[in-house]
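Architecture at a glance
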Amino acid sequence: STPLDLIETGKGLKFQAERPHLVSLGSGRLSTAITLLPLPEGRTTLGYGAVDINIQGPGVAAQHCYIENKSGVIMLHPSGNLCAVDGLQVQQPTRLSQGRNLWLFAKSCRFTFCLI
């Protein structure tokens, strides 16, 4: 199987990935984009500039946070910046599990975490 499968389901499309990933529904209310962002083994840095996943918005830091994947255990590291999981601010490394919502810098940037 490929790392990402696209399956037609009548009038819709189903994306199925075999690796942990984030799902972004775009950068604002009017966005129509859906983006799957893989979380490979190791560290994935979120922020702007020379990072793995570029995010934009007021209050975002260049190295805003990072997500570490160690053998399928996924941890969010806030790096001292505003991050929330399911609406609760986190300041310490926090394990992500299936379906958790990750908010960065208030509620401007939202991702849903999918284990597989």
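Conventions and cut-offs
- Residues numbered from 1 in each chain as written.
- Predicted model: local features only at pLDDT ≥ 70, side-chain atom pairs only at ≥ 80, totals over all residues.
- Heavy atoms only, no water.
- Pairing = 2+ DSSP bridges.
- Helix = DSSP H or I, 4+ residues; strand = E, 2+ residues; numbered from the N terminus.
- Salt bridge = Lys/Arg side-chain N within 4 Å of Asp/Glu carboxyl O.
- Buried < 20%, exposed > 50% of the residue type's maximum accessible area, 1.4 Å probe, protein only.

By the naming in an unreviewed UniProt entry, the protein chain is Pleckstrin y-like domain B member 1, taken from Ilyodon furcidens.

In sheet architecture, strand pairing relies on hydrogen bonds along the backbone and comes in two forms, parallel and antiparallel. Strand order in this open sheet of 6 strands is E4-E3-E13-E12-E9-E10, and the pairing throughout is antiparallel. At either end of the open sheet lies a strand with only one pairing partner, and these are strand E4 (35-38) and strand E10 (88-89). By the bridge criterion, 4 bridges tie strand E3 (residues 21-24) to E4 in an arrangement that is antiparallel. Bridge pairing links His21 to Pro38 in E4.

A word on the pattern of salt bridges. A full pass over the atoms with the stated rule returns 1 salt bridge. Salt-bridge contacts for Asp86 lead to Arg100; the nearest nitrogen and oxygen are separated by 2.7 Å. Here Arg100 lies in the loop between strand E11 (94-96) and strand E12 (101-104) and Asp86 lies in the loop between strand E9 (83-85) and E10, a separation of 14 residues in the sequence. Residue Arg100 is classed as partly exposed on the basis of its relative accessible area, which comes to 25%.

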